[in-house]
Amino acid sequence: MVDAGIQPWLFEIEPYEGESLSHYLGRFRRRNHLTAGGLGTMAGIGAVVARWEKFHLNPYPTQAQFEALGKVLGLSRERLWAMLRDIVKSGVRQEIKRRPAVGLTRCCHRP
């Protein structure tokens, strides 16, 4: 395969207010037709994105991983930490509240 120097472009997705990191990563991947491994490869952090989407945070994400992921997603590291902190505060193993799409303008996981 010949490298033509073409960089891939991605649709930027804004996180909803109070949206969990897991839900945001899933929305971003679906909008850009990426796998979890593909997103991790683009960020240079490997397949940990799939574990984060399932709230498997052992080992806990590092600042360097969030910095790399933030560059791909177009979000600051602090914004990603805030989305993760909300989940950790509420308890990772608690059941996620599912909001029915009927009557809502934004349906997303919230702690």
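Residues numbered from 1 in each chain as written. Predicted model: local features only at pLDDT ≥ 70, side-chain atom pairs only at ≥ 80, totals over all residues. Heavy atoms only, no water.

Caption draft 1: Local environment of the nonpolar core. Among the nonpolar cores identified, the biggest contains 24 residues, and Leu25, Leu39, Ile45, Trp52, Leu69, Leu73 and Leu80 are the most heavily contacted of them. Every element with two or more residues in this core is listed here: α1 (21–31), α2 (36–43), α3 (48–53), α4 (63–73) and α5 (77–90). When residues of this core are assigned to their parent elements, the largest contribution, five residues, is made by α4. With residues near it in sequence (within four places) discarded, Leu80 still touches Leu21, Phe66, Leu69, Gly70, Leu73 and Leu75. (Core = buried A, V, L, I, M, F, W, Y, C linked by side-chain atoms within 4.5 Å. Buried < 20%, exposed > 50% of the residue type's maximum accessible area, 1.4 Å probe, protein only. Helix = DSSP H or I, 4+ residues; strand = E, 2+ residues; numbered from the N terminus. Contact = heavy atoms within 4.5 Å.)

Caption draft 2: Expanded view of α2. When α2 is considered as a whole, its buried residues turn out to be Ala36, Leu39, Gly40 and Ala43. Buried residues of α2, viewed axially, fall in a sector of 100 degrees; they line one side. On the buried face of α2, the contacting elements are α1, α3 and α4. Looking one or two residues past α2, Gly44 carries a phi angle of roughly 80 degrees, positive in sign. (Arc of directions from axis to C-beta.)

Caption draft 3: Structural context of the packing of aromatic side chains. Applying the stated criterion across every chain yields a total of five aromatic pairs. An angle of 40 degrees between the planes, with centres 6.3 Å apart, marks the rings of Tyr24 and Phe28 as tilted. Of this pair, Tyr24 and Phe28 both sit in helix α1, four residues apart, which is roughly one turn of that helix. Residue Phe28 is classed as buried on the basis of its relative accessible area, which comes to 1%. Judged by centre distance (5.3 Å) and plane angle (85 degrees), the rings of Trp52 and Phe66 are edge-to-face. Here Trp52, found in helix α3, pairs with Phe66, found in helix α4; they are 14 residues apart in sequence, far enough to count as distant. Each of the two residues, Trp52 as well as Phe66, counts as buried. Lying over the aromatic face of Tyr16, Arg27 brings its terminal NZ or CZ to 4.0 Å of the ring centre. Taking the ring centre of Phe11 as reference, the NZ or CZ of Arg31 above it sits at 4.0 Å. (Phe/Tyr/Trp six-rings, centres within 6.5 Å; stacked < 30°, edge-to-face > 60°. Lys NZ or Arg CZ within 6 Å of the ring centre and 35° of its normal.)

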